[in-house]
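As a plain string of letters, each chain reads:
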Amino acid sequence: MSSELQHENRLIQLRAKLNERKIKLWEVPYLIAGEERKSNSEVMLQLAEQLGSELSIATDLCLEGLTALQRNALDKLQSKDEFQRTGVATVRVRAPTQTGSNREFELKVKITDTGSQLCELIGQRLSLDPRKIKLVCSGRIINGVRTLQEQMVTNGATVMALVMAHSAEEAKRECSTYDRVHKIRSDAEMLINENDSSNFLSIEDQSGNAIFLPKEEKKALLMGLTLYEKGKAAMKADNCEEALLLLLEADHDFRACNSQLLNVVDNYALLNLDIVWCYLRLKNLNQLPDAEERLKVCELKFQQSYGKNMQRVAAIRGEQSSEKILLVRLHLLKAVLYFHQNKRDDARTMFRVVETELLKLRIDDDCLSRLMECGYSTKECRIALRACSNDVEASIEFIHNRRQMRETNEKRSERERKLYKTIDHTASGGEGFERLKLDLVDQLMEMGYPEALAALALKRSANDINGALNELERNKDALQTELLRTVSVDEELQTKLEALGFERKLAHAALKLMANDYDRATNYLLANVQGGQHSEAFQRALEMVERFRQDRESTVQKTPSTPSDDTPTTSKRTVAPHSTSTEQDAKAQEKKRKKEMLDILFKSFSQDIRTTSEADSHLDLPLDEEMSLLEQYKNLLGMD
C-alpha cells in the first residue's frame, strides 16, 4: 500500500474529527497569540494524542497530519486575502509522474491570464517545455487562448498538469502529448470529412444493428467515438496521461451532440467510467466534484441502456449477460469515492458489494483451459465463463449464440446499408429521415416485388405498407426511373455479365434496372435481348440510362466561365492547347496523393482501433487492478 494513500487516509479521518468538533486549527489556542502563523506545539501535541487515541493513529503520525492540515488552512486564508487585495490567485498544481506519485506545488497567477500563460509558469517550475504540458481542471481541458476566469479557474482551484516524461534522447524523437492529441484530432477530422463515415466507424446499438443519423450529428458522434477509441488504445498501452486527454476531448464532442442517441447507447456511460478510472490511475481523485458527477452520469446511462439491475440486457441476451462486469468497476469507483469523501460506512458497504461481484466473476483456470482446447479465443472464453459462472457446457452454448446473433445482425446491417445506398435513402435529410422497416420490405418481396422497388415504395410512403402497395401498382414506372437514377452498378457483377457475352452497356443497364441483383439481371437480359435485338422496354431503359449519364457528366464538368467584373482581362485571350489537360493531370495527381495520405491515416487509426473496438472488448477486463485496489482500501478501512 502506498505511503501517499495511507497519509491521505489519516488526513481524511482527522479532517472529519476536526469538523465534527468545530476545531479551527488556524485560531488560538492552536496558534500562539500575537504571533502570526506560529503553531502552538504544546497544544497541537495534546490534540494529536487525543485524536490519535480515538482513531488508532500513532501520535507522531497524527501530529504530522494535524500540522499539514493547519498549514493548508493558513495558506488558504493567506491566498484568499491576497486574492481579494490584489486579484492574484493561488492555484494548486498536481503533476502525475510515470512512477504513480504526484508532484504538488502552488502557483500565483492572475485570473485574467490565459491558459497558455499558466502553462508557461508550470513549465518553468517543472523545467519542461510548456508545449509538453496540458492542463485539466474540474474535468475540462484548459484552453490556452481563453482567460482562466472565463474557464472558471479561480483562487484555490486544483489543476492537473499532464506531461510526457521522456529522457532527453526520447524527447528529441517524440512529440509532446499535446501535439500527439492535436494531430490525432486533425487526422480524425480529415478522415471523417473525406470518407463515407459509415465505412470508417459504424454506429450500432447493443444488438449490433446499424444506427443511421443526420450527417452533422453523425460527424460529431464519429469524432467523439474515434477519439474515444484512440483514448482506450492509450489506456491499454498504460499511457494514462495521453488517454485522459483523448477521453476528455471525446467528452467535449459527445457533449456537443444533441442526439437522444446518447440516452440509449452505452458509449457515453463507458467514456465517463474510463475518465474516472484515469483519474484514479493518475492518483487524481481530488477531482472529486467531476468524478462524482461522471459516475452519476455513468450509472444513469447504464440504467437507460441496460435497465435497472440489468433487466433490459437480460431481456435481450438472457440472464447470462456479461455486461455485469461493467458494474464491478462502477461500484469500485463509487466505493473509492465514498472513501475519499469520508463516507466510510458507505464505502465499506460498497466494497463488500464489489468483493462479492469479483468472486462471482472469478474465472476457473481449469475451465478456461478446457474451453480454449475447443478452439475458442481467450477473450470469448473469459466473457462466456464469467457470464455462465464457469459452466463449460453453458459457456459453449453462450459463445455459439452470441456468434450467431452477431452474424445475423451484421448481415442485416450490411443489407440495410446496401439497400439505403441503392435507393438513395440517407440520414442527411435531418429530421425527415425515417428508418425503413425491413420486415415490411420482406412482406412485399413475398408478394413478388423486387427488393429495391419495395424499399423505394416504402420510403415514399413512410413505411405504410398499403401506401407502398399503391405506389407499386400505380407508379411502378416512376419508381423504376428513380432507381435508374440512383443505383450505382457493381463493377464485379458487370464483368461477370460481360463474360457471358453481353455487351458492356447492356450489362450496365440491366444491373441498374435490377438494382445489382445478378440473377434477375441475367434473366432479364436473356428475355429482352434476342439475336442482337432489344425489346422496346429495354431500349427505352437504355436511352434513359444514357440520358442520365450525360446529365451527370454535364453537371460534373465545369466549363470555363466568363471573367467576373473584378478580374482583369483583355479583349483577346489566348489559352494554351495543353492547359486543360495539364490542369486535369494536376488534379488527378492531387487526388491520388490525397487518397494515399488518407489510406495511411486510416491504417494508422485502424491499427489501434481494431484492438479496442472489437465487439465486447470492453467486457473483457482482467480485473487484476480492481482486485488489488479492493485489498488496498479494505486494509485502510480495517475490513477483514
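Since we're looking at a predicted model, the values are computed, not measured.

Draft legend 1. Representation of the overall build of the chain. Counting its regular elements, the chain contains 27 helices and 7 strands. Per-residue burial for the chain yields a buried fraction of 45% across its 640 residues. Looking at the chain alone, contacts between residues at least 24 apart form 63% of all its contacts between residues at least 6 apart.

Draft legend 2. The arrangement of the pattern of salt bridges in detail. Scanning the entire structure with this criterion turns up 28 salt bridges. Residue Glu54 is joined to Arg21 by a salt bridge in which the shortest nitrogen-to-oxygen separation is 2.3 Å. Taken as a pair, Glu54 in helix H2 (residues 41–55) and Arg21 in the loop between helix H1 (3–20) and H2 lie far apart in primary sequence, 33 residues in all. Its salt-bridge partner being Asp442, residue Arg415 comes within 2.7 Å of it at the nearest N-O pair. Taken together, the residues span a long stretch of sequence, with Arg415 in helix H17 (residues 392–422) and Asp442 in helix H18 (residues 438–446) at a distance of 27 residues.

Draft legend 3. View of the nonpolar core. Within the largest apolar cluster, 81 residues are counted, with the highest numbers of intra-cluster contacts made by Leu244, Leu271, Phe302, Phe351 and Tyr633. Mapping this core onto the domain boundaries places at least three of its residues in each of domain 2 (87–166) and domain 3 (175–403 + 618–635). Beyond its immediate chain neighbours, meaning those up to four positions away, Phe351 contacts Leu332, Ala335, Val336, Leu630, Tyr633, Leu637 and Met639. Counting residues in each nonpolar core, the second largest holds 24 residues, with Leu453, Leu458, Ala468 and Leu469 among its members.

Draft legend 4. Main features of the packing of H17 against helix H19 (residues 451–460). The N-to-C vectors of H17 and H19 enclose an angle of 75 degrees; their axes lie 10 Å apart at closest approach. Comparing their axes, H19 and H17 come out roughly perpendicular. Contacts between H17 and H19 involve Arg415, Leu419 and Thr422 from the first element and Glu451, Ala452 and Ala455 from the second.

Draft legend 5. Just the environment of Gln6, in detail. By secondary structure assignment, the location of Gln6 is in helix H1. Sequence separation of Gln6 and Gln632 is 626 residues, and the distance between their C-alpha atoms is 9.6 Å.

Draft legend 6. Examining the packing of aromatic side chains more closely. Counting across every chain of the model gives 4 aromatic pairs. Residues Phe339 and Tyr633 carry aromatic rings whose centres are separated by 5.0 Å and whose planes lie at 80 degrees to one another, so their mutual orientation is edge-to-face. Of the two residues, Phe339 is situated in helix H13 (residues 324–340) and Tyr633 in helix H27 (residues 624–636); the sequence distance between them amounts to 294 residues. Judged by relative accessible area, Phe339 falls into the buried class, the value being 0%. In this structure an aromatic cluster arises from ring pairing among Phe339, Phe351 and Tyr633. Above the plane of the ring of Trp277 lies Arg329, whose end atom (NZ or CZ) is 3.9 Å from the centre.

Draft legend 7. Structural context of the packing of helix H22 (residues 491–499) against helix H23 (residues 504–513). In contact at an axis separation of 9 Å, H22 and H23 are set at 130 degrees when each is read in the N-to-C sense. Between H22 and H23, the angle is such that the two are oblique. Here H22 and H23 pass one another in a crossing that is right-handed. Two secondary-structure elements touch here, H22 through Leu493, Gln494, Leu497 and Glu498 and H23 through Arg504, Ala507, His508 and Leu511. Of the residues assigned to the contact of H22 with H23, the class counts are 4 nonpolar, 2 polar and 2 charged.

Draft legend 8. Region of the structure containing the pairing of strand E1 (residues 88–96). In terms of burial, E1 is largely enclosed, as 8 of its 9 residues are buried. Strand direction decides the pairing type here: E1 and strand E2 (residues 102–110), joined by 9 bridges, are antiparallel. Within E2, the position partnered with Ala89 by the bridge is Val109.

Draft legend 9. Geometry of the environment of Leu118. Relative to the helices and strands, Leu118 is located in helix H4 (residues 115–126). On a C-alpha basis, the gap between Leu118 and Lys108 in space is 9.3 Å, while along the polypeptide they are 10 residues apart. Not counting residues within four places of it along the chain, the set of residues in contact with Leu118 comprises Val91, Leu107, Val109, Leu135 and Leu148.

Draft legend 10. Seen up close, helix H3 (residues 59–86). The first and last C-alpha atoms of H3 sit 40 Å apart over 28 residues, in line with the 40 Å expected at 1.5 Å per residue. Where H3 is concerned, the buried positions are Cys62, Gly65, Leu66, Ala68, Leu69, Gln70, Ala73, Leu74 and Ser79. Where H3 is buried, its residues meet H1, H2, E1 and E2.

Draft legend 11. Expanded view of the pairing of strand E3 (residues 133–137). With 5 of 5 residues buried, E3 lies mostly within the body of the structure. Of the two faces of E3, the one carrying Ile133, Leu135 and Cys137 and the one carrying Lys134 and Val136 are both buried. In terms of strand pairing, E3 meets strand E5 (residues 158–163) through 4 bridges, oriented antiparallel. Paired with Ile133 across the bridge in E5 is Val163. Of the strand pairs in this sheet, E3 and strand E4 (residues 140–141) are connected by 2 bridges, and their pairing is antiparallel. Its bridge partner lying in E4, Cys137 is registered against Arg140. As consecutive antiparallel partners, E3 and E4 are separated by 2 residues, and within that stretch Ser138 has a phi angle of approximately 50 degrees, a positive value.

Draft legend 12. The arrangement of helix H16 (residues 378–387) in detail. Residues Cys381, Ile383, Ala384, Leu385, Arg386 and Ala387 constitute the buried set of H16. One or two residues past the end of H16 sits Ser389, with phi positive at roughly 55 degrees.

Draft legend 13. Here's a closer look at the confidence of the model for the chain. Looking at the chain, the pLDDT average stands at 81 and 76% of residues meet or exceed 70. Counted against residues more than four places away or in other chains, residues 165–175, with its pLDDT under 50, gives 8 contacts. Of the regions scoring below 50 in pLDDT, residues 609–613 engages in 11 contacts with residues more than four places distant in sequence or in other chains.

Draft legend 14. Molecular detail of the sheet that holds E2. With mixed pairing, the 5 strands of this open sheet are ordered in space as E2-E1-E5-E3-E4. Across the chains shown, the open sheet's two edge strands, defined by having one partner strand only, are E2 and E4. Across 3 bridges, E1 lies against E5 in parallel orientation. Each residue of the ladder has a partner; that of Val93, found in E5, is Val159. Against the sheet, H3 engages E1 and E2, with an angle of about 135 degrees to E1. Strand contacts of H4: E1, E2, E3 and E5, with the helix running at about 135 degrees to E2, the strand carrying the most contacts.

Here is what the cut-offs are and how they apply
- Residues numbered from 1 in each chain as written.
- Predicted model: local features only at pLDDT ≥ 70, side-chain atom pairs only at ≥ 80, totals over all residues.
- Heavy atoms only, no water.
- Helix = DSSP H or I, 4+ residues; strand = E, 2+ residues; numbered from the N terminus.
- Buried < 20%, exposed > 50% of the residue type's maximum accessible area, 1.4 Å probe, protein only.
- Contact = heavy atoms within 4.5 Å.
- Salt bridge = Lys/Arg side-chain N within 4 Å of Asp/Glu carboxyl O.
- Core = buried A, V, L, I, M, F, W, Y, C linked by side-chain atoms within 4.5 Å.
- Domains from an automatic or database assignment.
- Axes fitted to C-alpha atoms, helices over the stretch in contact; angles between N-to-C directions.
- Parallel < 35°, antiparallel > 145°, perpendicular 65-115°, else oblique.
- Phe/Tyr/Trp six-rings, centres within 6.5 Å; stacked < 30°, edge-to-face > 60°.
- Lys NZ or Arg CZ within 6 Å of the ring centre and 35° of its normal.
- Left-handed = near helix turned anticlockwise from the far one by under 90°.
- Nonpolar A, V, L, I, M, F, W, Y, C, P; charged D, E, K, R; others polar.
- Pairing = 2+ DSSP bridges.
- Expected span 1.5 Å × (residues − 1).
- pLDDT = per-residue confidence, 0-100.

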